[in-house]
Amino acid sequence: MSDSMILVNTLEELWQALSLLERPLGLVPTMGYLHEGHLSLVRRARQECVSVAVSIFVNPTQFGPNEDLSRYPRDLERDLHLLEAAGADLVWIPSNEVMYPPGFQTWVTVETLTLPLEGAMRPGHFRGVTTVVSKLFNAVRPEKAYFGQKDAQQAAVIRQMTRDLSYPIEIVVCPTVREADGLAMSSRNTYLSPEERQAATVLFRALSAAETAYRAGERNAETLRHIMRTTIESEPLARLQYVSCADYDTLQELETVSGKALLSMAVFIGATRLIDNCVLG
Ligand code: AMP
């Protein structure tokens, strides 16, 4: 652990800085505009590793043409203060040119696991995610990398990629950090108007209602999806994109919940697309 946080942009600066850090090294990939969810990953890395690196990169290739890349929130100065306080040793802020040099043409794709859920709604999203995370892994070569359960399919896809490509990296998935009223923390929550912010609690309410039914013995997956759907539909500012009750490992929709399952959803609150999930069993 170093006394003061090192800030780097280019690959050469990164490699130079990495040579000064003691191992094991934990990496926390982010797109910035940090909140307690991100910081919980940094703190977990701080507990488990000798050194902690954080990347901040709003990765253009994981955004669709009609998504929010151009208005994605940014506040680098605030992020750096928060990371220093959370005990990060190294912050890497690559430019688009560093990550995608002219003529870039090599992609990493995970096949089956990226087909349902977010992959079905956001074509090309996971190709962008796996490519950039692969590049982050190659550049930083951490012993451990930290991801949030908030993005459940992303965590599953990264785990699959890590196994398939033989990265010697342990993937650590950390619990979703929520606001006091249950809303999962997200950089995108900043898009919400005060009324929308109120309405956005409907995602957590829908997951909680289905979880309560599950705990009371409900194992019919369609019934659990129906509970989530009707809860979302009761909120006038919410527009449901999908609800899912899927096998935890394969992410395929279930008829009956027997083992571990993932309840998940994507909901538009006004123009803002939010996702949330919880694990059963
Ligand atoms: P992002 O900056 O949105 O790409 O997120 C960077 C990392 O933080 C990802 O691994 C996310 O899953 C994780 N993350 C985002 N929000 C939360 C949250 N509310 N709780 C826990 N982890 C989160």
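These numbers come from a predicted model, not from an experiment. (Residues numbered from 1 in each chain as written. Predicted model: local features only at pLDDT ≥ 70, side-chain atom pairs only at ≥ 80, totals over all residues. Heavy atoms only, no water.)

Undergrad: Residues and numbers for the sheet that holds strand 1 (residues 6-8), please.
TA: With respect to topology, 6 strands assemble into an open sheet ordered 1-4-3-2-5-6, the strand pairing being parallel. At either margin of the open sheet sits one strand with a lone partner, and together these are strand 1 and strand 6 (170-174). Strand-to-strand, the axes of this sheet are offset by a mean angle of 25 degrees, without reference to chain direction. Of the strands in this sheet, strand 1, strand 2 (25-30) and strand 4 (90-92) are in contact with helix 1 (residues 11-18), which crosses strand 4 at around 165 degrees. Lying over the sheet, helix 2 (residues 36-48) contacts strand 2, strand 3 (51-56), strand 5 (144-148) and strand 6, oriented at roughly 150 degrees with respect to strand 5. (Pairing = 2+ DSSP bridges. Helix = DSSP H or I, 4+ residues; strand = E, 2+ residues; numbered from the N terminus. Axes fitted to C-alpha atoms, helices over the stretch in contact; angles between N-to-C directions. Contact = heavy atoms within 4.5 Å.)

Undergrad: Outline the packing of aromatic side chains, supporting the account with residue identities and numerical values.
TA: A full pass over the atoms with the stated rule returns 7 aromatic pairs. With centroids separated by 6.3 Å and ring planes inclined at 35 degrees, the aromatic side chains of Phe57 and Tyr100 adopt a geometry described as tilted. Note that Phe57 is positioned in the loop between strand 3 and helix 3 (76-86) and Tyr100 in the loop between helix 4 (96-99) and helix 5 (117-121), a separation of 43 residues in sequence. Residue class for Phe57 comes out buried when judged on its relative accessible area of 6%. Using a relative accessible area of 14% as the deciding quantity, one classes Tyr100 as buried. When the ring of Phe104 is compared with that of Trp107, the centres are 5.3 Å apart and the planes differ by 85 degrees; the resulting orientation is edge-to-face. Here Phe104 falls in the partly exposed class, since its relative accessible area comes to 25%. Pairwise contacts between aromatic rings join Phe57, Tyr100, Phe104 and Trp107 into one cluster. Sitting over the face of the ring of Tyr191, Arg71 holds its NZ or CZ atom 4.1 Å from the ring centroid. (Phe/Tyr/Trp six-rings, centres within 6.5 Å; stacked < 30°, edge-to-face > 60°. Buried < 20%, exposed > 50% of the residue type's maximum accessible area, 1.4 Å probe, protein only. Lys NZ or Arg CZ within 6 Å of the ring centre and 35° of its normal.)

Undergrad: Lay out the site of the ligand in plain terms, naming residues and giving numbers.
TA: Near the ligand there are 17 residues, and of these Met31, His38, Asp151, Val177 and Met185 occur at the shortest range. At 2.8 Å from an oxygen atom of the ligand is found a side-chain nitrogen or oxygen belonging to His38. Asp151 places a side-chain nitrogen or oxygen 2.7 Å from an oxygen atom of the ligand. When the ligand is considered free in solution it has 490 Å² of accessible area, and contact with the protein chains removes 92% of it. Elements represented by at least two residues in the shell around the ligand include exactly strand 2, helix 2 and strand 5. Per-element accounting of the shell around the ligand gives the leading share, 3 residues, to helix 2. Of the residues belonging to the shell around the ligand, the class tally is 8 nonpolar, 7 polar and 2 charged. (Near = heavy atom within 4 Å. Polar contact = N/O pair within 3.5 Å; in protein donor to acceptor, adjacent residues only side chain to side chain. Areas by Shrake-Rupley, 256 points an atom, 1.4 Å probe, with all protein chains shown as cover. Nonpolar A, V, L, I, M, F, W, Y, C, P; charged D, E, K, R; others polar.)

Undergrad: Any details on the sheet that holds strand 9 (residues 272-280)? Residues and values, ideally.
TA: Pairing is antiparallel across the open sheet formed by 3 strands, whose spatial order is 7-8-9. The sheet is open, and its two edges are formed by strand 7 (238-247) and strand 9, each paired on a single side. Mean inter-strand twist for the sheet, computed between neighbouring axes without regard to direction, equals 15 degrees. Note that strand 8 (residues 261-269) and strand 9 share 9 bridges and pair antiparallel. Paired with Ser264 across the bridge in strand 9 is Asn277. Strand contacts of helix 10 (residues 221-233): strand 7, strand 8 and strand 9, with the helix running at about 160 degrees to strand 7, the strand carrying the most contacts.

Undergrad: Kindly report on the domain arrangement of the chain, identifying the contributing residues and their values.
TA: For the chain, the domain assignment lists domain 1 (6-174) and domain 2 (187-276). Just the C-alpha atoms count here: the centres of domain 1 and domain 2 sit 26 Å apart. Counting residues at the interface gives 21 residues for domain 1, matched by 18 residues for domain 2. When residues of domain 1 are sorted by the area they lose upon contact with domain 2, Leu117, Glu118 and Met121 head the list and together hold 31% of the total. Here domain 1 and domain 2 share 2 salt bridges between them. The partner of Arg273 in a salt bridge is Glu118, and the shortest N-O contact between them spans 2.9 Å. Scanning the region where domain 1 abuts domain 2 turns up 8 residue pairs in polar contact (both at pLDDT 80 or more). Put simply, the parts of the chain that give the side of domain 1 that touches domain 2 at least two residues each are helix 5 and helix 7 (152-164). Residue composition of the side of domain 1 that touches domain 2, by class: 9 nonpolar, 5 polar and 7 charged. (Domains from an automatic or database assignment. Buried area = accessible area lost by both parts, 1.4 Å probe. Salt bridge = Lys/Arg side-chain N within 4 Å of Asp/Glu carboxyl O.)

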